[in-house]
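Report on the structure
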Amino acid sequence: MREYITAAIFEMNNPNIQRIVRAFIKKYENDFFMCPAASKHHHAYVSGLAYHIVTMLKIAKSLCDIYPQLNKDLLYAGIILHDIGKLHELSGPVSTSYTLEGTLLGHISLMVAEIKEIADELNITGEEVIVLQHIVLAHHSKPEWGSPKQPLVREAEMLHMIDLIDAKMNMLERALENTKPGEFTERIFGLDNR
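Okay, so let's go over this structure.

**Things to note about a nonpolar patch on the surface**
- A grouping of Ile165, Met169, Leu172 and Leu176 is seen on the molecular surface, where their side chains present a nonpolar patch of about 340 Å² in accessible area.
- With respect to the helices, strands and loops of the structure, leucine 176 is situated in helix 9 (residues 154-177).
- Accessibility expressed as a relative area gives 46% for leucine 176, which makes it partly exposed.

Given below as structure tokens:
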């Protein structure tokens, strides 16, 4: 997973976006590769966050081939950064629960603030930082799902859809692993209790 994420970062052509992402990976290197992506719904296991990001990058790579007008650097950066705030939101990989910060602020707002902090430390300013913040801010797409803004650029819309695909497939696979042939799964909360 580490090699795949590193390769994706090196595919980026925009040096400012690449520097911001590399700074995050360096800052959180050990925790990043241990953290689950959630406490219970999707990728809720040790290294679930990194696995979720790798799978999303694979989907994005295919979609960038189909839709070359996408800004691959922004999309890849958004994918890598969108859930890193969970390192603060969740208590860790074992008996995962929500921290005080996670409960009161949430991973999205934590990450948006930290993107600005890292960009300031690297003396990077301008539209690309704001667009990257927006992509992270809008990745849940709806206010009721925790996004303060709906996607307003195509990379934010695409990140949201890729996130949904990967999260839902993971929930389905985990539920089906525990279901005998010919039987139905239990209702899955993350799939509208279907």
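**Focus on the pattern of salt bridges**
- Tallied over the full model, the rule gives seven salt bridges.
- With its nearest N and O atoms 2.8 Å apart, the salt bridge here joins glutamate 29 to arginine 2. With a gap of 27 residues between them, glutamate 29 in helix 2 (residues 15-32) and arginine 2 in helix 1 (residues 2-11) connect regions that are remote in the sequence.
- The exposure class of arginine 2 is partly exposed, given its relative accessible area of 40%.
- Residues glutamate 114 and lysine 27 are paired through a salt bridge, measuring 2.7 Å at the closest nitrogen-oxygen approach. Residue glutamate 114 is found in helix 7 (residues 106-121), and its partner lysine 27 is found in helix 2; the two are separated by 87 residues along the sequence.
- Salt bridges sharing common partners tie together Glu11, Lys61 and Lys72.

**As for the packing of helix 4 (residues 72-81) against helix 8 (residues 127-137)**
- The contact between helix 4 and helix 8 brings their axes to 9 Å, and the two run at 50°. In this view, helix 4 runs oblique relative to helix 8, as classed from their interaxial angle. In the crossing of helix 4 with helix 8, the sense of the turn from one axis to the other is right-handed. Between helix 4 and helix 8, the contacting residues are Leu74, Ala77, Gly78 and Leu81 on the first element and Glu128, Val131, Leu132, Ile135 and Val136 on the second.
- Among the residues forming the contact of helix 4 with helix 8, the class breakdown is seven nonpolar, one polar and one charged.

**Quick look at the side chain of glutamate 155**
- The residue glutamate 155 is located in helix 9 in this model.
- Once residues within four sequence positions are removed from consideration, glutamate 155 is found in contact with Gln69, Leu70, Asn71, Leu74, Leu75 and Ile135.

**Structural notes on helix 2**
- Given a rise of 1.5 Å per residue, 18 residues ought to cover 26 Å, yet the end C-alpha atoms of helix 2 are separated by just 22 Å, more than 12% below that figure.
- Taken together, the buried positions of helix 2 are occupied by Ile17, Gln18, Ile20, Val21, Phe24, Ile25, Tyr28 and Phe32.
- Buried residues along helix 2 sit against helix 1, helix 3 (48-66), helix 4, helix 5 (86-89), helix 7 and helix 8.
- Two to three positions downstream of the cap, the backbone nitrogen of asparagine 16 sits 2.9 Å from a side-chain oxygen, assigning the N-cap of helix 2 to asparagine 14.

**Brief notes about unusual backbone geometry**
- Phi angles above zero are rare outside glycine, and asparagine 123 is one such case at about 55°.
- Of note, asparagine 193 is a non-glycine position whose phi angle comes to about 60°, a positive value.
- Tracing the sequence through the fold places asparagine 193 in the segment after helix 9.

**Structural notes on the nonpolar core**
- Counting residues in each nonpolar core, the largest one holds 51 residues, and the members touching the most others are Ile5, Phe32, Ile80 and Leu81.
- Mapped onto this core, the elements with two or more residues apiece are helix 1, helix 2, helix 3, helix 4, helix 7, helix 8 and helix 9.
- The biggest single contributor to this core is helix 3, with nine residues.
- Ignoring sequence-local partners within four residues, the contact set of leucine 81 consists of Ile20, Val21, Phe24, Met111, Ile115, Leu132 and Val136.
- Grouped together as the second largest cluster of nonpolar side chains are five residues, Ala167, Ala175, Ile188 and Leu191 included.

Rules behind the numbers
Residues numbered from 1 in each chain as written. Predicted model: local features only at pLDDT ≥ 70, side-chain atom pairs only at ≥ 80, totals over all residues. Heavy atoms only, no water. Patch = residues over 30% accessible without salt bridge, like charges linked within 9 Å, V, L, I, M, F, W, Y side chains within 5 Å. Areas by Shrake-Rupley, 256 points an atom, 1.4 Å probe, with all protein chains shown as cover. Salt bridge = Lys/Arg side-chain N within 4 Å of Asp/Glu carboxyl O. Helix = DSSP H or I, 4+ residues; strand = E, 2+ residues; numbered from the N terminus. Buried < 20%, exposed > 50% of the residue type's maximum accessible area, 1.4 Å probe, protein only. Axes fitted to C-alpha atoms, helices over the stretch in contact; angles between N-to-C directions. Parallel < 35°, antiparallel > 145°, perpendicular 65-115°, else oblique. Left-handed = near helix turned anticlockwise from the far one by under 90°. Contact = heavy atoms within 4.5 Å. Nonpolar A, V, L, I, M, F, W, Y, C, P; charged D, E, K, R; others polar. Expected span 1.5 Å × (residues − 1). Polar contact = N/O pair within 3.5 Å; in protein donor to acceptor, adjacent residues only side chain to side chain. Core = buried A, V, L, I, M, F, W, Y, C linked by side-chain atoms within 4.5 Å.

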